[in-house]
Each structure stands twice: as structure tokens, then as C-alpha cells.
Amino acid sequence: MKLVFLALLTTLSLQPSLPAQTKSSWRAATAAELETALPARAPVEKERIETEMRTASGIINPQGKLIAGVVLITAGYSADGKYSHYLLIQAPVTIGDIALTPGTYVLGWQRNDTSLTVKLYDAITGTQRGTAEAHRLPTGARVESFRIWAPSEQKLIQIGRFALPYTLTE
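Residues numbered from 1 in each chain as written. Predicted model: local features only at pLDDT ≥ 70, side-chain atom pairs only at ≥ 80, totals over all residues. Heavy atoms only, no water.

A. Just the overall build of the protein chain, in detail. Across its full length, the protein chain carries two helices and 13 strands. The 170 residues of the protein chain split such that 42% are buried. Considering only contacts within the protein chain whose residues lie at least 6 apart along the sequence, 47% involve residues at least 24 apart. Entry remark: accessible area of the protein chain is about 10200 Å², with carbon and sulfur atoms responsible for 55%. (Helix = DSSP H or I, 4+ residues; strand = E, 2+ residues; numbered from the N terminus. Buried < 20%, exposed > 50% of the residue type's maximum accessible area, 1.4 Å probe, protein only. Contact = heavy atoms within 4.5 Å. Areas by Shrake-Rupley, 256 points an atom, 1.4 Å probe, with all protein chains shown as cover.)

Okay, here's the thing in C-alpha cells:
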């Protein structure tokens, strides 16, 4: 019995060590990654609406899949007042209770007393995908025109003083 145990121990010690399998880790996308992926003019329904690239934000996984967004400059377009942000989704994600598959989306919001009612639409067709509530962040939180937080920090999409929760569904 001791010989079997010794042989097993020797065999295991000679095996090359296997790398630990790591769970996919999303990180904040760089400005260069965002500029490469997001359009300067977003296709929204029948128009191509300018984007404000300095507001672009997103996250990226090790496979290069991106979830990103940018503020739309809608003044003078038919989308003015209906849409405010363009989203590029390359991996399944749930925002609020709305499951989104890879594609392009736009969102618009309406302010209430204590929250924002956010409506998500398919960017190409304008079909509404759902509605979610963005809640006010705690006092003292930094105001961002738009930010998608990396999941290691907070699973939130921030619009001004308000935030929507998201869940990665990889």
C-alpha cells in the first residue's frame, strides 16, 4: 500500500502544473478601444446622429467583446427628446430587467422626482425593448454624463446622478 501511495505521489509531482482557470474579467475600455468601436455618427432609425466621443464609456472582456455607449447629439434630428445615448452590445447583458443580445441600441430617459425612467430601443428599427428605473446615487457620488462601470467596481450604468444596474450574462 505504501508503494502505491508513493508511486501516486511521485506521478502527481512530475505532472506539469496546470494553469488556474480564471473567470472572465471585464475591465474599463480604453479611449482608443472606444474610439475604434463606436461610430462618430450613430445609425439611429433612418438617421446618422453625431456622437459626443468624449463621453464614451465601456467595458471589455479578455476576448475583446465590448459593452459601450456614448451620448448622442440629437439637436436638429427627429430623435431629439426621444433618444440620448447610443449603446453597442457585443456580449449578452441585462440592464435593469431588460435582456439585451449583441446589437446596437439607443436609450432615452425622463426624470421623475427621485429617479429616471429609462427606455431602451433597438437602434436600427426604433422598436422599444423595455423600460427600467435608474435610481439616484448617494450624495457625494461623482456626477458623470455617462459611464459604464467595470463589474469589479460596481455593476452600474451611470447617467448623471442616476444609475441603472446591469448583469453580464456570458
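B. Looking closely at the nonpolar core. Counting 27 residues, the largest nonpolar core has Ile 59, Ile 67, Leu 87, Val 93, Ile 95 and Tyr 166 as the members making the most contacts within it. In terms of residue count, the dominant contributor to this core is strand S13 (residues 162-168) (four residues). With residues near it in sequence (within four places) discarded, Ile 95 still touches Leu 87, Leu 100, Leu 120, Ala 132, Ile 157, Leu 164, Pro 165 and Tyr 166. By size, the runner-up hydrophobic cluster in this structure holds 20 residues, among which are Ala 29, Leu 38, Ala 56 and Val 106. (Core = buried A, V, L, I, M, F, W, Y, C linked by side-chain atoms within 4.5 Å.)

On their own, these measurements won't tell you what the molecule is for.
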